[in-house]
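Report on the structure
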Amino acid sequence: MARKTMLLGLIFLLMSACQARSGPPYEIIYTLNKGTEAPSQERSSAAPKPRIALVAKGIDIPYFIYAGEGAKQAGNDLGVDVIYAGPKTAGASGQIQVIEELIRQKVDMIAVSAADPDKLLTVLRQARAAGIRVITWDADTQSSGREFFVNMADPETVGRHLMDLLAGAMGDKGSFAVMTGSESAANAGEWLRWIRIQQQEYYPAMKLVEVASIDEDPVKAKLAARRLLSAYPDLGGMIGISSVVPPAAAEALEEAGRQGKVKLTGLSNPLLMSPYLKRDTAQTATLWSPKKLGYLTIAMGNNLLNGIPPADGQNIPGVGKIRMSGNTVVMGEPLDFTKENVDEYDF
């Protein structure tokens, strides 16, 4: 108990330190502020609306659909023509085709959640050469490919927190696996790196047996979970670092009759995880509001088109105050969903 208390203290200090690094305080933004109103920006009826394309990793993934809804709301509030775009199947090649089409359409800005930080560089440079402003959101590319990155949370906080959640459920011991959406996505890579660091620093009695990549595909996620359960009969836990993983893994656990015996946590939407949390198949799910992330991305993009760069402590109407870390905009901290609070959220 004393060690857990110490670890909780360390996490608190860590999160405090993350905030302290930035200097001015910033607002923790993880609640759905129903009814939050942003002042609309009046534009002349003769002036064309700026067109900003929000490019998802996969257009049909619920996480990105919610982000697209937030982006559309921002478009309505701010007088921006928002295009929600992305490939049907997540991957860099599909995103490249989508971005090439957006270049042909001569949009004003492309905001992309990069499936691969390197493979998109060429097409993003083509966009910028064509006079299109480029920013990233959710998952970054190399900094030479964009002007700034809109991140939902500090990756160190996310990775360490996920490891703590699983360790708490497993009693700080046993073997576990991680399932990631994409090995090449920059955000997933950073989360995984901090999961490893947290395990090595604080949970020596736990062992990471495998990292499985599922290409942001729920079918592949379920197959991977089945395989892991078969390959590791003593497996004690799973962490999913893609929104499609935890619900797919939960289905596999229930089919195998190992719900509750193999602990499950990860990044996913509360609506997707609600039945599994209530049946104790999953112990927690963690996320931020994807709607608010989509809203923030469009707001920041519109500001940039109007000559207003992001700044630490800047208040974004309809969202709150942001924090800057280098040329990255940080929206806030993650929120945990449990069977006790999951009904409070609608995304």
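No experiment lies behind these values; they were computed from the predicted model shown.

Here is what the cut-offs are and how they apply
- Residues numbered from 1 in each chain as written.
- Predicted model: local features only at pLDDT ≥ 70, side-chain atom pairs only at ≥ 80, totals over all residues.
- Heavy atoms only, no water.
- Core = buried A, V, L, I, M, F, W, Y, C linked by side-chain atoms within 4.5 Å.
- Buried < 20%, exposed > 50% of the residue type's maximum accessible area, 1.4 Å probe, protein only.
- Contact = heavy atoms within 4.5 Å.
- Phe/Tyr/Trp six-rings, centres within 6.5 Å; stacked < 30°, edge-to-face > 60°.
- Helix = DSSP H or I, 4+ residues; strand = E, 2+ residues; numbered from the N terminus.
- Pairing = 2+ DSSP bridges.
- Axes fitted to C-alpha atoms, helices over the stretch in contact; angles between N-to-C directions.
- Salt bridge = Lys/Arg side-chain N within 4 Å of Asp/Glu carboxyl O.

1. Focus on the nonpolar core
- Core analysis: the biggest nonpolar cluster contains 85 residues, and Phe176, Met238, Ile241 and Trp288 have the highest contact counts within it.
- When near neighbours in sequence (up to four residues on either side) are disregarded, Ile241 contacts Leu162, Val178, Met179, Thr180, Gly181, Ala188, Trp191, Leu192, Ile195 and Leu267.

2. Some remarks on the packing of aromatic side chains
- Following the criterion strictly, the structure yields seven aromatic pairs and no others.
- Consider the rings of Trp191 and Trp288, whose centres lie 6.0 Å apart with planes at 45°: the pair is tilted. One end of the pair, Trp191, is in helix α6 (residues 186-202); the other, Trp288, is in the loop between β10 (285-287) and α10 (290-305), with 97 residues separating them in the sequence.
- Residue class for Trp191 comes out buried when judged on its relative accessible area of 6%.
- Taking 5.0 Å as the distance between ring centres and 70° as the angle between the ring planes, the aromatic pair formed by Phe337 and Tyr345 counts as edge-to-face. The burial state of Phe337 is the same as that of Tyr345; both residues are buried.
- Taken together through their ring pairs, the aromatic side chains of Tyr66, Phe337, Tyr345 and Phe347 make up a single cluster.

3. Regarding the sheet that holds strand β7 (residues 206-213)
- Judged by pairing direction, the sheet is parallel, and its four strands sit side by side in the order β7-β6-β8-β9 without closing on themselves. For this open sheet the edge positions go to β7 and β9 (263-266), each flanked by a neighbour on one side alone. Averaged over all pairs of adjacent strands, the angle between their axes in this sheet comes to 20°, without regard to strand direction.
- Relative to strand β8 (residues 235-241), strand β6 (residues 174-180) runs parallel, the two being bridged by six bridges. Considered in β8, the bridge of Ala177 is made with Met238.

4. Structural notes on the environment of Gly68
- Inspection of the secondary structure puts Gly68 in helix α2 (residues 62-78).
- The exposure class of Gly68 is buried, given its relative accessible area of 5%.
- The residues touching Gly68, leaving out its near neighbours within four places in the chain, are Leu54 and Tyr84.

5. Topic: the pattern of salt bridges
- For the structure shown, the criterion picks out 17 salt bridges.
- Salt-bridge contacts for Lys291 lead to Glu69; the nearest nitrogen and oxygen are separated by 3.7 Å. Of this pair, Lys291 sits in helix α10 while Glu69 sits in helix α2; the two residues are 222 residues apart in sequence, bridging distant segments of the chain.
- On the basis of relative accessible area, Lys291 is assigned to the partly exposed category, the value being 22%.
- Classification of Glu69 as partly exposed rests on a relative accessible area of 37%.
- Residue Asp215 pairs with Lys220 through a salt bridge whose shortest N-O separation is 2.9 Å.
- Classification of Lys220 as partly exposed rests on a relative accessible area of 40%.

6. Let's talk about the environment of Met152
- Structurally, the position occupied by Met152 is in the loop between β5 (149-151) and α5 (155-170).
- Here Met152 is in contact with Tyr63, Asp138, Asn187, Trp191, Trp288, Leu293, Met331 and Gly332, once residues within four sequence places are set aside.

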